[in-house]
Amino acid sequence: MTQTAPGAQPGADVRELRAQALELAPAELVIGGQWRNTASGGEIAVENPATGQVLARVPAAGPAEGLAALDAAAGASQAWARLAPRQRGEILRRAFELITERERQFAALITLEMGKPLADALGEVRYGAEFFRWYAEEAVRLYGRTATSPEGHLDILTVPRPVGPCLFITPWNFPLAMATRKIGPALAAGCTCVIKPASLTPLSTLAVARVLEEAGVPAGVVNVIPARGDAATAPILADRRLRKLSFTGSTPVGQRLLADAAPGVLRTSMELGGCAPFIVFADADLDVAVDSAVAAKTRSNGEACNAANTFYAQAGVAEEFARRLAERFAAIEVGDGLEPGVGLGPLVSRGQRQTVAELVDSAVHDGARPLTGGSVPPGAGYFYPPTVLAGVPEGSAVVTTEIFGPVAPVTPFETVDEVLARANAVDVGLAGYVYTRDMALVQRCVRELEVGMLAVNTGPISNAAAPFGGIKHSGLGREGGPEGIQEYVDSLYVGIPR
């Protein structure tokens, strides 16, 4: 690992890009088409995790602002649902184009408030914008069906209808893409929404809201209320006008939100935690496996729910795989993500870094050996080096806990039965990665690995055209693909006598 000098002054190009990025995001709430402050005067200080310095101060919404946002979404609901699907699609398409035109500035904004390197953030912008293009196209393809009843006396007609006002609670790790992944299908289906972005990273979502306004989204259709905790969302969840909740975040928070959604019998989508197994069988192409491991572990600084979490390498290749992965990790430059050449930025907060450091320290105490990294570096910012741990004991917490950082624990296994049992032993089941030349073994993993998404001999597979989601404690529902828009419609059945 190499690290840029902490506290180094950014160059003129970086300073200009930073200024352009911050101009994208008004530091205000947007409710009913009005950019405004809060009645309480509370605020959220948004930090740059590379320096610990405050980037912006955003109003913190409270109960009054939460209900005002729902008022706006409910008030705009009928008119938006009645708008022609083609018109809704054209607005989304325009929003895609506007984000794409400003992709470098959007990427810099993500880097500033979340920390991931600029190239990585650019990938998020392109991925996130694609949800607007994809659902611009899907808006006109919400089909029902017709059939004749088996008895022959009825025509059966099904009609998709928008579920109504939605509440979106989004995470800090993909502050743009997690907003667009929910907004895109909702708007395409004819739903309105209230969005509560993570308090660590509200700026990217506010910038998206501004673009949607410019693209022609009517007032009240998209409302953004940065807030701490559930101050603003609790009254929304208790209001019978709300019909849908979509949350991306940790499993414990998702479980609490499901309980809060139960009294209203809300439609829910939950994209929750993961602990993705990365399985390298003895016959794997190690060049492909190592390349994929770097991508699947360091993307978004390792702070991704579908990041490779636990690396299982079969006896015979485990030592070589760990050694080669450590060599690649050691060559990654760590630093401010806006600086050229940086491959890994800071973690999002001091608390997140502490969590990662404690997991590594515990694993080393259990007998794991750091091949590279493994300790908090000195200096400003919330940096943690890319770390490879070899010889990790089976019961170590770093193997069974979602790490959310650039740490790769490598543990050996002997048989297929053993590794599948170990990978399936956790409560979550979001993503998995498998490396082998044996297609029969691939088919067995498809049948038996308890995950919602599986990458075979490749790195991350997230795509707007594909359904993203997990099983077990990793959540409910799917986002993306043709499946994603179905989360925002109810099917009305109409029976007509023949």
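Preceding this section is the structure that the text describes.
Numbering of residues begins from 1 in every chain and follows the order in which that chain's sequence is written. This being a predicted model, a pLDDT of at least 70 is required before a residue's local features are given, and a value of 80 or more before pairs of side-chain atoms are given or counted; all residues contribute to the totals for chains, interfaces and linings. The basis for the side-chain values is all heavy atoms of the structure; hydrogens and waters are excluded.

Undergrad: Tell me what's going on with the sheet that holds strand S16 (residues 369–372), and back it up with residues and numbers.
TA: Strand pairing in a sheet relies on backbone hydrogen bonds, with the paired strands running either antiparallel or parallel. Pairing in this open sheet of seven strands is mixed, and the strands run S16-S17-S18-S14-S13-S20-S21 from one edge to the other. The outermost strands of the open sheet, each flanked by one partner alone, are S16 and strand S21 (453–456). Each strand axis lies, on average, 25° off the axis of its neighbour in the sheet, ignoring direction. The pairing criterion for strands is at least two bridges between them, as found by DSSP. Strands here mean DSSP runs of E at least two residues long; helices mean DSSP runs of H or I at least four residues long; both are numbered from the N terminus. Relative to S21, strand S20 (residues 431–435) runs parallel, the two being bridged by four bridges. Residue tyrosine 433 lies in a different strand from S21, and its bridge partner there is alanine 455. Only the stretch in contact is used when fitting a helix axis, every axis being a line fitted to C-alpha atoms; angles between N-to-C directions are given from 0 to 180 degrees.

Undergrad: Requested: an account of the environment of valine 30, with residues and values cited.
TA: Relative to the elements of secondary structure, valine 30 occurs in strand S2 (residues 29–31). The contacts of valine 30, once residues within four sequence positions are left out, are Trp35, Ala209, Asn223 and Val224. Every residue pair with non-hydrogen atoms within 4.5 Å of one another is taken to be in contact.

Undergrad: Any details on the packing of helix H10 (residues 286–298) against helix H11 (residues 318–330)? Residues and values, ideally.
TA: Close contact between H10 and H11 brings their axes to 10 Å; oriented N to C, the two are set at 50°. The angle between H10 and H11 places the two elements in the oblique class. The interaxial crossing formed by H10 with H11 has right-handed handedness. Touching Leu286, Asp287, Ala289, Val290, Asp291, Ala293, Val294, Lys297 and Thr298 of H10 are Glu320, Phe321, Arg324, Leu325, Arg328 and Phe329, all from H11. If an angle is under 35 degrees, it is roughly parallel; if it is over 145, roughly antiparallel; if it lies from 65 to 115, roughly perpendicular; otherwise it is oblique. Take the far helix as your reference; a near helix turned counterclockwise from it by less than a right angle gives a left-handed crossing, and one turned clockwise gives a right-handed crossing.

Undergrad: Can you break down the environment of leucine 371 residue by residue, with the values?
TA: Within the element layout of this structure, leucine 371 appears in strand S16. For leucine 371, a relative accessible area of 35% gives the class partly exposed. Between the C-alpha atoms of leucine 371 and phenylalanine 329, which are 42 residues apart in sequence, the distance is 9.6 Å. Among residues more than four places away in sequence, those in contact with leucine 371 are Ala322, Arg323, Ala326, Val388 and Ala390. Only protein chains enter the accessibility calculation, which uses a 1.4 Å probe; a residue is then buried when its area is under 20% of its type maximum, exposed when over 50%, and partly exposed in between.

Undergrad: Can you break down the sheet that holds strand S7 (residues 154–162) residue by residue, with the values?
TA: Here three strands make up an open sheet; going across it, the order is S6-S7-S24 and the pairing antiparallel. Lying at the two open borders of the sheet, with one neighbouring strand each, are strand S6 (145–148) and strand S24 (489–497). The average undirected angle you get between the axes of adjacent strands in this sheet is 20°. Sheet analysis places S6 next to S7, joined by four bridges and oriented antiparallel. Within S7, the residue paired with threonine 148 across the bridge is aspartate 155.

Undergrad: Provide a residue-level description of the side chain of arginine 422, including the pertinent values.
TA: Structurally, the position occupied by arginine 422 is in helix H14 (residues 416–424). By relative accessible area, which is 12% here, arginine 422 ends up buried. A distance of 2.9 Å separates the side chain of arginine 422 from the side chain of glutamate 418, its partner in a polar contact. Ignoring anything within four residues of it in the chain, the contact list for arginine 422 reads Tyr312, Glu394, Thr411, Pro412 and Phe413. We call two N or O atoms a polar contact when they sit within 3.5 Å, provided that within protein one can donate a hydrogen and the other can accept it, with sequence-adjacent residues counted only if both atoms are side-chain atoms.

Undergrad: Describe empty space enclosed by the protein, listing the residues and the values that go with them.
TA: Buriedness of a pocket was judged along seven lines, with at least five required to meet protein on both sides within 12 Å; pockets are open sets of points on a 1 Å grid over the protein atoms alone, cavities are sets where a 1.4 Å probe fits but cannot get out, and lining residues have an atom within 4 Å of a point. Grid points are joined across faces, edges and corners, and a volume is the space filled by probe spheres set on the points. For the structure shown, the criterion picks out seven cavities of 30 Å³ or more. In terms of lining residues, the largest cavity is bounded by 14 residues, among which Phe174, Met178, Arg181, Asn306 and Phe468 are the most central. When residues are grouped by polarity, Ala, Val, Leu, Ile, Met, Phe, Trp, Tyr, Cys and Pro land in nonpolar, Asp, Glu, Lys and Arg in charged, and all others, Gly among them, in polar. Taken together, the residues of the lining of the largest cavity sort by class into seven nonpolar, four polar and three charged.

Undergrad: Any details on the side chain of lysine 297? Residues and values, ideally.
TA: In this structure, lysine 297 sits in helix H10. Buried charge without a partner: lysine 297 forms no salt bridge, and the closest opposite charge is glutamate 402, 8.8 Å away. Among the polar contacts made by the side chain of lysine 297, one reaches the main-chain carbonyl oxygen of alanine 308 at a distance of 2.8 Å. Here lysine 297 is in contact with Gly302, Ala308, Asn309, Phe311, Phe329, Ile403, Gly405, Pro406, Val407 and Ala408, once residues within four sequence places are set aside. Just so you know, the count uses Lys and Arg for positive and Asp and Glu for negative, and it drops His and the chain ends. Salt bridges are counted wherever a side-chain nitrogen of Lys or Arg sits within 4 Å of a carboxyl oxygen of Asp or Glu.

Undergrad: Can you tell me about the pairing of strand S11 (residues 244–248), naming the residues and giving the values?
TA: The element S11 is largely enclosed, with a buried count of five among its five residues. Burial along S11 is two-sided: Lys244, Ser246 and Thr248 facing one way and Leu245 and Phe247 facing the other are all buried. In this sheet, S11 lies alongside strand S8 (residues 166–169) in parallel orientation, the contact comprising four bridges. Looking at S11, one finds that isoleucine 169 is bridged to phenylalanine 247. The sheet contact formed by S11 and strand S12 (residues 267–271) spans five bridges and is parallel. In the sheet register, phenylalanine 247 faces S12, and the bridge partner there is methionine 270. With strands facing away from the observer, any crossover in which the path from the first strand over the helix to the second runs clockwise is taken as right-handed. Note that the unit made of S11, helix H9 (residues 251–261) and S12 has a crossover that is right-handed.

Undergrad: Lay out the pattern of salt bridges in plain terms, naming residues and giving numbers.
TA: Oppositely charged side chains can pair when the atoms bearing their charge come close. Using the criterion set out here, one finds 27 salt bridges in the structure. With its nearest N and O atoms 3.0 Å apart, the salt bridge here joins arginine 241 to aspartate 239. The exposure class of arginine 241 is partly exposed, given its relative accessible area of 32%. Linked through salt bridges whose partners overlap, the residues forming this network are Arg93, Arg94, Glu97 and Glu101.

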